[in-house]
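Here is what each chain is made of, one letter per residue.
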Amino acid sequence: MLILRTWQLGIKSLLLHPMRSALTVLGIFIGVASVIWLLAIGEGISKEAQRQIEDLGAENIIVRSIKPPDESGANFRSIQAFGLTRAEHKLLSTTIKTVESVLPIRELPTKFAYTGNPNAKPIDGRLVGCTPEYAEVTRLEVARGHFLTDREIISKGGVCVIAANLASKLFPSEDPLNKLMYLPEKKEFYKIVGVLKHRNATAAIGGSLASQDFSLDVYIPITTMQARVGDTEVKRTGGSFSVKEFELSQCTIRVGDVDDVPRTAKLVEATLRKDDPDRQDIAVVVPFELLEQAKATRLMFMMFMGLIAAISLIVGGIGIMNIMLATVTERTREIGIRRALGGKRSDITRQFLVETISLSVVGGLTGILGGLLCPVTVEAARWLIREGAPAMYANLPEVAKVMSPEIVPISIPVAFIISVFVGVIFGLYPAMRAAQMDPIEALRHE
Amino acid sequence: MSSIPTVKSNDQTAETNGQNVLAARVRELQKHYVLKSETVRALRGVSFDVPEGDYVAIMGASGSGKSTLLNLLGCLDRPTSGSFVLGGDDVATMTDDELSQIRASRIGFVFQSYNLIAQLTVVENIEVPLYYMGQLNAESRKRCKQLAAMVGLGDRLDHRPTQLSGGQQQRVAIARSLVNDPYFMLADEATGNLDSVTTDEILALFQMLNDQGRTIIMVTHEDEVSEHAKRMIRLKDGEIQIDKRIENRKTFPPEVIKKISMGTD
């Protein structure tokens, strides 16, 4: 009864200044909600990063060819071949014991058209020369037909497998299987033998690996690519043209045991750089190491986010203290009356503490509700930007497009306990100050 | 009109001063304040008894020690020396918490500026001392309503102080001062903020309560107010100058007293 009365009284006093109380609650609301938000977003981002790294395969080592910066005055006579060669591919797959297999990959941006619809504007896409294993390593799934087969590799067949998005663009109303695909720049035809399921793009990792968008890919046997397309690439744009010559854009090295990955990576580096230690046209990416790093970074990241959230909670707490100090001064007279009518110091302390705790608990509970809305809100914001400002959406970093916040369950009780704690800590000083007042002085206060 | 029991039976220190039981006994009360290097002797040994049922007006010019005595009688402060016995206990040596307990259970305050708590209703204001005594229950709520009715505010139980006139607020304060069934009521310039008509209403209420056996100690500087008391103590320079029974005491006729509980405003 008495305790009930104390709380009732506290809430009544707070409702005497609804605006002031609401603003104070807002401080804690923001603090608690931001704890949950920041942790949820942090968790979402690190999970996403981890997923992307895992997509690359922890047991893989990726070697990319990198085009050196254009030298001015480059012409046909001074073409420099760069990147991985087929000889190196062979070397890697035969000399290192722990290497299970090496997948050669060659990528080329090209335009695609459908022969049945010659008037349509060709679509920009990417021609990828690869082997059957590629589907497994990059986790591509076939929706219809089949992926490239070993026989097609050996026979250098004129066949291709296309990605879902490209299929729906080129064949809006037809079945793409067994149709002929036309490459206007190469004057080549390929028969479509398979259509893939949709696959999410991977994000760029650590600067050494560009993001890969698989949605507009056409896969052909690597052998066919060598035979029909060759190694030299001439691109005319406007009045100028550029030439580049490379044999392979990437080698994905599969290692049998994950434990052997770091050691194998060193051997691969040593093999490729044996003639020129400063070789700039290749990059070795080890997803396994990135994964380990990501796990370590994740902890730091969460701590950092927690710190920011803690600061906002402290700011909220200072807000409470500020208001309560003002309230105590304003209610000096009331304190005097209560003391004269028999209130002990502890009664006064309790009364003011009840008020600050009420404020912070209301802030905490609404803050938790606000925090739980995080995934929905992020989704809504993303939708709004996508629909309202597509240009801006296109410029968003990849992680912002795919990341979904994940509420860390522990953050809810933690946020709540912290909010109560903040109420007590920041309410204690004003409450004790109120209690220490001399009743005679307080009664005389105007 | 409700009757509220007033007789204290456990007063062991009651001196057989006449035939009355004592509500309060003050002996050689001194209070010194230290201001910078100077010691101000606000009270220099004050002694008097207040028998139960007495109606005392304490008077004196400013600086006479009137307020200091009031604070001591109200247990808001502790004397430098001397004793103040209230219901068998010497409160001069009590701790802060014990004094709070005494204020809640044995003293009924009435202030010049009413001092009601703004966020509480009439009934809740009357309940405050009980809240600090830890005696809130359905029965006490009934009693608070009775007291409100007695001072003529039975129909305004759920009003806030700001919705009441000065006289009505003071009557709520009087009802509050009675809720703990105190040894004495301590009124500090209780009519100081009121016009002459309302002053008379409050004084009539005091007279009614005193007639019912309540002990009242009233601090005032107005002669017209003190003339309604039975006894006058005048302080000067921290000492009692005059302590006398008032002859030709002014009283209100019975028909005025009867009107009180009927909500005159």
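Please refer to the structure placed before this passage.
Rules used in this analysis
Residues numbered from 1 in each chain as written. Chains lettered and ligands numbered in written order. Predicted model: local features only at pLDDT ≥ 70, side-chain atom pairs only at ≥ 80, totals over all residues. Heavy atoms only, no water. Patch = residues over 30% accessible without salt bridge, like charges linked within 9 Å, V, L, I, M, F, W, Y side chains within 5 Å. Areas by Shrake-Rupley, 256 points an atom, 1.4 Å probe, with all protein chains shown as cover. Salt bridge = Lys/Arg side-chain N within 4 Å of Asp/Glu carboxyl O. Helix = DSSP H or I, 4+ residues; strand = E, 2+ residues; numbered from the N terminus. Buried < 20%, exposed > 50% of the residue type's maximum accessible area, 1.4 Å probe, protein only. Pairing = 2+ DSSP bridges. Axes fitted to C-alpha atoms, helices over the stretch in contact; angles between N-to-C directions. Contact = heavy atoms within 4.5 Å. Buried area = accessible area lost by both parts, 1.4 Å probe. Polar contact = N/O pair within 3.5 Å; in protein donor to acceptor, adjacent residues only side chain to side chain. Core = buried A, V, L, I, M, F, W, Y, C linked by side-chain atoms within 4.5 Å. Lys, Arg positive; Asp, Glu negative; His and termini not counted.

*Asks:* Sorry if this is basic, but what is going on with a nonpolar patch on the surface here?
*Replies:* All names here are of chain A. Together, Ile 3, Trp 7, Ile 11 and Leu 15 make up an exposed nonpolar region whose accessible area comes to about 420 Å². Tracing the backbone shows Leu 15 in helix α1 (residues 2–15). On the basis of relative accessible area, Leu 15 is assigned to the exposed category, the value being 59%.

*Asks:* Explain the sheet that holds strand β3 (residues 55–60) of chain B to me, please; I cannot follow it from the model alone.
*Replies:* The strands that make up a sheet pair up through hydrogen bonds in the backbone, lying either parallel or antiparallel. Residues and elements named next belong to chain B. A sheet is described by the order of its strands in space; here six strands give the open sequence β6-β7-β8-β3-β9-β10, paired in mixed fashion. Whereas interior strands pair on both sides, the edge strands pair on one side only; in this sheet they are β6 (107–110) and β10 (239–245). Each strand axis lies, on average, 20° off the axis of its neighbour in the sheet, ignoring direction. Pairing analysis gives four bridges linking strand β7 (residues 184–188) to strand β8 (residues 216–219), with the strands arranged parallel. Within the sheet, the bridge partner assigned to Asp 188 lies in β8 and is Val 219. Across the sheet, helix α2 (residues 96–106) touches β6 and β7, and the angle it forms with β6 is around 80°.

*Asks:* What's the story with the pairing of strand β3 (residues 99–114) of chain A in this structure? I'm lost.
*Replies:* On a regular strand, one side chain projects to one face of the sheet and the next to the other, so that they alternate. All names here are of chain A. Summarising burial for β3: 13 of the 16 residues are buried, a large majority. Relative to strand β12 (residues 250–255), β3 runs antiparallel, the two being bridged by six bridges. The partner of Val 99 across the bridge, within β12, is Val 255. The pairing of β3 with strand β4 (residues 123–130) spans seven bridges and is classified as antiparallel. Pairing of Arg 106 across the sheet is with Gly 129, part of β4. With two bridges joining them, β3 and strand β7 (residues 180–183) adopt antiparallel strand pairing. Residue Tyr 114 lies in a different strand from β7, and its bridge partner there is Met 181.

*Asks:* Is there a simple way to explain the interface of chain A and chain B in this structure?
*Replies:* Interface size is commonly expressed as the accessible surface area that is lost when the partners come together. Facing 27 residues of chain A, the contacting portion of chain B comprises 29 residues. Between chain A and chain B lies a buried interface of about 2,600 Å² when both sides are counted; carbon and sulfur atoms form 57% of it. There are four salt bridges connecting chain A and chain B. A salt bridge links Lys12(A) to Glu124(B), with the nearest nitrogen and oxygen atoms 2.6 Å apart. Our count for the chain A to chain B interface comes out at 14 residue pairs in polar contact (both at pLDDT 80 or more).

*Asks:* What am I meant to see in the pairing of strand β13 (residues 282–285) of chain A here?
*Replies:* Residue and element names in this part refer to chain A. The alternating pattern of β13 places Ile 282 and Val 284 on one face and Ala 283 and Val 285 on the opposite face, and all of these are buried. Relative to β13, strand β1 (residues 60–65) runs antiparallel, the two sharing four bridges. Across the sheet, residue Ile 62 finds its bridge partner in β13, namely Val 285.

*Asks:* Honestly, the nonpolar core in this entry has me stumped. Any pointers?
*Replies:* Most often, soluble globular proteins keep nonpolar side chains buried together rather than apart. Counting 118 residues, the largest nonpolar core has Phe84(B) and Phe206(B) as the members making the most contacts within it. Leaving out residues up to four positions away in the same chain, Phe206(B) has contacts with Tyr55(B), Ile174(B), Met185(B), Ala187(B), Ala190(B), Ile216(B) and Met218(B).

*Asks:* Whenever I open this one, the side chain of Arg176(B) confuses me. Can you help?
*Replies:* Within the secondary structure layout, Arg176(B) lies in helix α5 (residues 166–178). With no salt bridge to any partner, buried Arg176(B) finds its closest opposite charge in Glu334(A), at an N-O distance of 10 Å. A polar atom in the side chain of Arg176(B) sits 3.3 Å from the backbone oxygen of Tyr114(B). Leave out the neighbours within four places in its chain, and Arg176(B) touches Ile337(A), Leu341(A), Phe111(B), Tyr114(B), Asn115(B), Leu116(B), Asn125(B), Ile126(B) and Pro129(B).

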